[in-house]
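This is what each chain is made of:
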Amino acid sequence: MANTNSHAFLLFNERAGISPEPTFKNLIDIKELLEKIYQPAISAPISATTPDTTPLVEEKKETKPKKFDANAPDLWEPLIQRLIADGFDETKIRSDFQQLGIKFTSVPMGNKIMELYSLRYGGFSSYHKDNTNLDFEVDDELKPVAESSSLASCRNLVKENKELFAEVEKKYGVPSHIIVSLLLVETNLGQDLGSEPAFYNLASMALSNSIDHVATRISKLKLGQGQKSFVAQSLLTKSDWAYEELKALLNYATAIDMEIMKIPGSMYGAVGICQFMPSNVPLYGVDADADGKINLFQLADAVHSVASYLQQNGWRKGLTPIQQLAVLRTYNHDSVYAYTVQAVATRLSAKGKASNAMLAQNPLNLVRPAGVYRYRGARSGVKLKPVRGYSDLLGINPNPKPLSTLKKLEK
């Protein structure tokens, strides 16, 4: 037996290329020897003839993004899933969207993109290509607010709610003629609250995060690479904004216990007589009648809420006309909006009686600053009239100021 083992050890030594003299006292020596013998074979490179058994990694094929289909049965599913993830009740949300149906509109987001494009690039490229010198005209959309019948309606509203407006002026320092003028411009004193549910417009805007969603609305724009990037980024930004307003609207509907589809709103989702964006309701809204709800479709709540907003954004007694304009522009950033509210308020106030006769001779002098453009639906171009100064707007100054003064007014 001993001879057999010695012969085996000699064979091991021979294969390992070592001297036959060493003896192996234990199994550890044998283990080390075996590792020395077979390690070169294990670490040796694979022969070119050895088949490669490494599993192949399947290459991913690029898939084109699914084209937007406004009639797809799962149209609203991305919004639904997003709202559920943000904590809204799934059953309630699905019920709300079921009422909405498959109906989708590209109008609000399309118009918003056209406005942003015009502000950024100075109007449509096709318009400027054919017209090097812009013509200007009165802003037709705001003509009705200066009519005598509209001013009479404002006076009647204040007279019929004298105590309400007196209370508001005392509490917030905002006079009645400012508030009622703002309500006139916003909703014609509550007569024009919007032709579509705010939910419909905001949901459509929140969904519209790519050019495909508004392609038909912006087809007249000639988009270079820079313009296309601008539009694409604007869509992402505005769709996120609309989504936040959509959430605020859903919360508001619950707060006032009103069915979501029965809340009318503007093209961009503003609600109530005072046209607050839903996210502004908890910030500035006032429950004036203490019924536990901030109902902006009720006059008292709407009037208090307007005054609350203006006060929190800088309104105080003793402001100059230009300072008042600055505060009004926080309510709506459009310059012509602020000028219009101020012009109507001046005619309604006792201090404005001296200018009424002159303004009455040109009641449509409600205009937009030069260089600021607005998209007008089907029109292929934008025709606007320049503002020369606040006094000129009211028809007070017989000597119009140069356009250079506009820059100071706008700052």
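Residues numbered from 1 in each chain as written. Predicted model: local features only at pLDDT ≥ 70, side-chain atom pairs only at ≥ 80, totals over all residues. Heavy atoms only, no water.

## Brief notes about the overall build of the protein chain
Helix and strand counts for the protein chain stand at 19 helices and two strands. Per-residue burial over the protein chain gives 42% buried out of 411 residues. Intrachain contacts of the protein chain at a sequence separation of at least 6 include 68% that bridge at least 24 residues. As displayed, the protein chain offers around 23,200 Å² of accessible surface, 53% of which is attributable to carbon and sulfur atoms. (Helix = DSSP H or I, 4+ residues; strand = E, 2+ residues; numbered from the N terminus. Buried < 20%, exposed > 50% of the residue type's maximum accessible area, 1.4 Å probe, protein only. Contact = heavy atoms within 4.5 Å. Areas by Shrake-Rupley, 256 points an atom, 1.4 Å probe, with all protein chains shown as cover.)

## Topic: the environment of Pro321
Following the sequence through the fold, Pro321 ends up in helix 15 (residues 321-331). Overall, Pro321 belongs to the partly exposed group, its relative accessible area being 36%. Separated by 18 residues in the primary sequence, Pro321 and Tyr339 place their C-alpha atoms 10.0 Å from one another.

## What to know about the pattern of salt bridges
Throughout the structure, instances matching the rule amount to nine salt bridges. Note that Glu90 and Arg94 form a salt bridge whose closest N and O atoms lie 3.0 Å from each other. A residue pair is termed a helical-turn pair when its members lie 3 or 4 positions apart in one helix, as Glu90 and Arg94 do in helix 4 (residues 90-100) at four residues. Take Glu90: its relative accessible area is 39%, and that puts it in the partly exposed class. Lys247 serves as the salt-bridge partner of Glu244, at 3.3 Å between the closest nitrogen and oxygen. Placement of the pair is Glu244 and Lys247 together in helix 12 (residues 225-255), with a separation of three residues, close to one helical turn. A relative accessible area of 43% means that Glu244 is categorised as partly exposed. (Salt bridge = Lys/Arg side-chain N within 4 Å of Asp/Glu carboxyl O.)

## Brief notes about the confidence of the model for the protein chain
Averaged over all residues, the pLDDT of the protein chain is 75; the fraction at 70 or higher stands at 63%. Taken as a whole, residues 352-411 scores under 50 in pLDDT and shows 133 contacts with residues more than four places along the chain or in a different chain. (pLDDT = per-residue confidence, 0-100.)

## Re the nonpolar core
Grouped together as the largest cluster of nonpolar side chains are 84 residues, with contacts concentrated most on Trp76, Phe97 and Leu310. If one sorts the elements of this core by residue count, helix 12 sits on top with 10 residues. (Core = buried A, V, L, I, M, F, W, Y, C linked by side-chain atoms within 4.5 Å.)

## Focus on the packing of helix 14 (residues 299-312) against helix 15
The geometry of helix 14 relative to helix 15 is characterised by a closest axis approach of 9 Å and an angle of 120° between their N-to-C directions. When the axes of helix 14 and helix 15 are compared, the pair comes out oblique. The handedness of the crossing between helix 14 and helix 15 comes out as right-handed. Contacts between helix 14 and helix 15 involve Val306, Tyr309 and Leu310 from the first element and Val327, Leu328, Thr330 and Tyr331 from the second. Residues belonging to the contact of helix 14 with helix 15 are distributed by class as follows: six nonpolar, one polar and no charged. (Axes fitted to C-alpha atoms, helices over the stretch in contact; angles between N-to-C directions. Parallel < 35°, antiparallel > 145°, perpendicular 65-115°, else oblique. Left-handed = near helix turned anticlockwise from the far one by under 90°. Nonpolar A, V, L, I, M, F, W, Y, C, P; charged D, E, K, R; others polar.)

## Digging into unusual backbone geometry
The residue Asn188 is not glycine, and still its phi comes out positive at about 55°. Within the secondary structure layout, Asn188 lies in the loop between helix 9 (176-187) and strand 1 (196-197). Although it is not a glycine, Leu189 adopts a positive phi angle of roughly 60°. Turning to its location among the elements, Leu189 is positioned in the loop between helix 9 and strand 1.

## What about the environment of Pro108?
Examined against the element boundaries, Pro108 turns out to sit in helix 5 (residues 107-121). Residues Pro108 and Leu202, 94 residues apart in the sequence, show an inter-C-alpha distance of 8.4 Å. Filtering out sequence-adjacent residues up to four positions away, Pro108 remains in contact with Asn201, Met205, Met267 and Tyr268.

## Here we look at the side chain of His213
For His213, the position within the fold is in helix 11 (residues 211-214). A polar contact of 2.8 Å, which involves the side chain of His213, links it to the side chain of Ser210. With sequence-adjacent residues up to four places away left out, His213 is seen in contact with Phe68, Phe104, Ser106, Leu207 and Ser208. (Polar contact = N/O pair within 3.5 Å; in protein donor to acceptor, adjacent residues only side chain to side chain.)

## Some points on helix 5
Here helix 5 contains 15 residues, and its C-alpha end-to-end distance of 21 Å stays within 8% of the 21 Å for a straight helix at 1.5 Å per residue. What helix 5 keeps buried is the set Pro108, Met109, Gly110, Asn111, Lys112, Ile113, Met114, Tyr117 and Ser118. Following helix 5 by one or two positions, Gly122 has its phi on the positive side, about 75°. (Expected span 1.5 Å × (residues − 1).)

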